[in-house]
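Structural characterization, general
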Amino acid sequence: MGSGGGSISWGQKLSFGTGHVLNDLCASVWFSYLLVYLQYVLLIPSGLSGIILLIGQIADAIATPLVGILSDHGQCCCIGGQRLCNYGKRKIWHLIGSICVIVSFPLMFVGCMGLCEHSNGIGYLVILIALVCLFQFGWAAAQISHLAMIPELTHVEAERDELNIIRFSFDIITDILVYAIALIIFSQSSHNLSQVTTESGIDFMILALSITGIGIIFTVIFHVGVDEKPIKIERPAAIMGTAAVSLKTQWLGWFYNWHFYRVGILYTAARLAHNTSIVFVPLYLQETQQSAEMLALIPLVMNIAGLLGSGLLKITIKLYGKKASYAMASLMGLISCIWLVIDTNLSENATTLDPLLGPPSSDNAQFYLLASMMGGGAAMVVILSLTSAADLIDSNTETSAFVYGCMSFCDKMSSGIVVAVIQGLHSWVCQEGCTYFYAQVLIYGVGIPFIFVIITSLLGPKTQSEQHEGRNVKNYGTCRTEEATSLIEYVH
């Protein structure tokens, strides 16, 4: 790899892309099937099932910035000495996180283990919540360390963009893979999602074990194929205190840089558009009484469109720049939202969440095209937001995990709050039934974040050099200091 500022081989780029496959596989099952498993297999009440998932999201949100701080500090190096440092301060946290995920995730789907009958199942719930927290800690550790490696692997903007595109392309491919594996398992056992019973527990256990096994293979490929620059630690007492203060100063310095907030809003809005579409498109299809086949095919179409869109981004960025790419991706998503407005026959005087409005049409071709535009646009803005975060960090790699951790914290908390509020509104507004509620959720819940993406992207600097110059001139403490450089020296 060389110095980390030059060219990266395609082998290392692809190996880097495999580093988040385990997380992506588990996340797909977590969001798509956990509630189904808890409610219909373990017969846990829906309210309690939602609380368990919410606890996991909160644990993830809290662990994300904490792991970022520890990773930037190189705490594993301090604990394990130079041998762990030579392995890489990011890779060692990725390894720790991956082990936590591998251990905890399959155990979440092994059933009650005889504990449901004792003490009203409280013992099992305690164990399940502990496994959920361990899983989310491991997920956060692997995610942040993987993201934080991007600015360290290369300082070339085009290569950082390419790494983000490859990373998200693997994400979409794994989503497709999860749907395919689940379809095979459920069809072979003569079960489907509308007929899940307490007898279906074995299907979920096989699914969890299958994707964990696949994830282990890709995790090994990542650790063998990616060569993170080792760091060498010197421990003069006088320098240690000065350097520690310097790193804290760099963390605090980000809060005086307005681009930190701009990119944070941009990243959160992009994730909200993506997450809202993934969560509520299936509910929209169910609300409009589409077939079970559509419930499986539409998310698949959205992921395929996202995969194609991620492949086009490298071309659009090169030809038109990032701001134009943001605009094109967001407008594509907004057009799908406007399409929904027209299709649901919303009148100018209609009140938001008015239950008297009629259902949209049931033209399958229309659903496919609408889903393609929404899924493709959402995937593209997520990739672009990741490249903007990498540009913000630039050469300040000592605090890269802290930056990604803060942005991921906002992403996870905002997504959890939005979903909880929407579901609360549904239980309140639709007590007597609704036929269009989730259509309006997609219109506003996806459309508004797309608008924020456009605005915050346009407020960005014209060039990366202007943004970098602004950080240096203002002396916000985000650049390397002499003390930090003397403490941590990269060995090529």
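The rules behind each value
- Residues numbered from 1 in each chain as written.
- Predicted model: local features only at pLDDT ≥ 70, side-chain atom pairs only at ≥ 80, totals over all residues.
- Heavy atoms only, no water.
- pLDDT = per-residue confidence, 0-100.
- Contact = heavy atoms within 4.5 Å.
- Axes fitted to C-alpha atoms, helices over the stretch in contact; angles between N-to-C directions.
- Helix = DSSP H or I, 4+ residues; strand = E, 2+ residues; numbered from the N terminus.
- Parallel < 35°, antiparallel > 145°, perpendicular 65-115°, else oblique.
- Left-handed = near helix turned anticlockwise from the far one by under 90°.
- Nonpolar A, V, L, I, M, F, W, Y, C, P; charged D, E, K, R; others polar.
- Phe/Tyr/Trp six-rings, centres within 6.5 Å; stacked < 30°, edge-to-face > 60°.
- Buried < 20%, exposed > 50% of the residue type's maximum accessible area, 1.4 Å probe, protein only.
- Salt bridge = Lys/Arg side-chain N within 4 Å of Asp/Glu carboxyl O.
- 1 Å grid on protein atoms, 1.4 Å probe; cavity = no way out; pocket = protein on both sides within 12 Å on 5 of 7 lines; lining within 4 Å.
- Points joined across faces, edges and corners; volume = space filled by probe spheres on them.

- As named in an unreviewed UniProt entry, the chain is Major facilitator superfamily domain-containing protein 12, taken from Daphnia magna.

Comments concerning the confidence of the model for the chain
- Mean pLDDT for the chain: 75, with 71% of residues reaching 70 or above.
- Predicted confidence for residues 230–245 stays below pLDDT 50, and this span has 35 contacts to residues more than four positions away or in other chains.

Topic: the packing of helix 1 (residues 10–17) against helix 9 (residues 201–225)
- One can describe the packing of helix 1 onto helix 9 by two numbers: an axis separation of 8 Å at closest approach and a directional angle of 140 degrees. In terms of orientation, helix 1 lies oblique with respect to helix 9. Here helix 1 runs over helix 9; the crossing is left-handed. Residue-level contacts link Gln12, Ser15 and Phe16 of helix 1 to Ile221, Phe222 and Gly225 of helix 9.
- Here the residues of the contact of helix 1 with helix 9 sort into three nonpolar, three polar and no charged.

Things to note about the packing of aromatic side chains
- Evaluated as defined, the whole model comprises seven aromatic pairs.
- Taken together, a centroid distance of 5.0 Å and an interplanar angle of 50 degrees make the contact between Tyr37 and Phe109 tilted. Placement of the pair is Tyr37 in helix 2 (residues 21–41) and Phe109 in the loop between helix 6 (89–107) and helix 7 (122–153), with a sequence separation of 72 residues.
- We classify Tyr37 as buried; its relative accessible area is 1%.

Observations regarding the pattern of salt bridges
- Tallied over the full model, the rule gives two salt bridges.
- The shortest N-O distance in the salt bridge between Lys13 and Glu162 comes to 2.6 Å. Taken together, the residues Lys13 in helix 1 and Glu162 in helix 8 (residues 157–188) connect sequence positions 149 residues apart. Just as Lys13 is buried, Glu162 falls in that class too.

Looking at empty space enclosed by the protein
- All chains considered together, the criterion is met by one cavity of 30 Å³ or more.
- Within this model, the largest cavity holds a volume of roughly 50 Å³.
- Considering the residues around the largest cavity, the lining is formed by Val281, Tyr284, Ile298, Phe367, Leu370, Ala371 and Met374.
- When residues of the lining of the largest cavity are traced back to their parent elements, those giving at least two are helix 11 (258–287) and helix 14 (364–393).
- Looking at the lining of the largest cavity element by element, the count peaks at four residues for helix 14.
- A class-by-class count of the residues in the lining of the largest cavity yields seven nonpolar, no polar and no charged.

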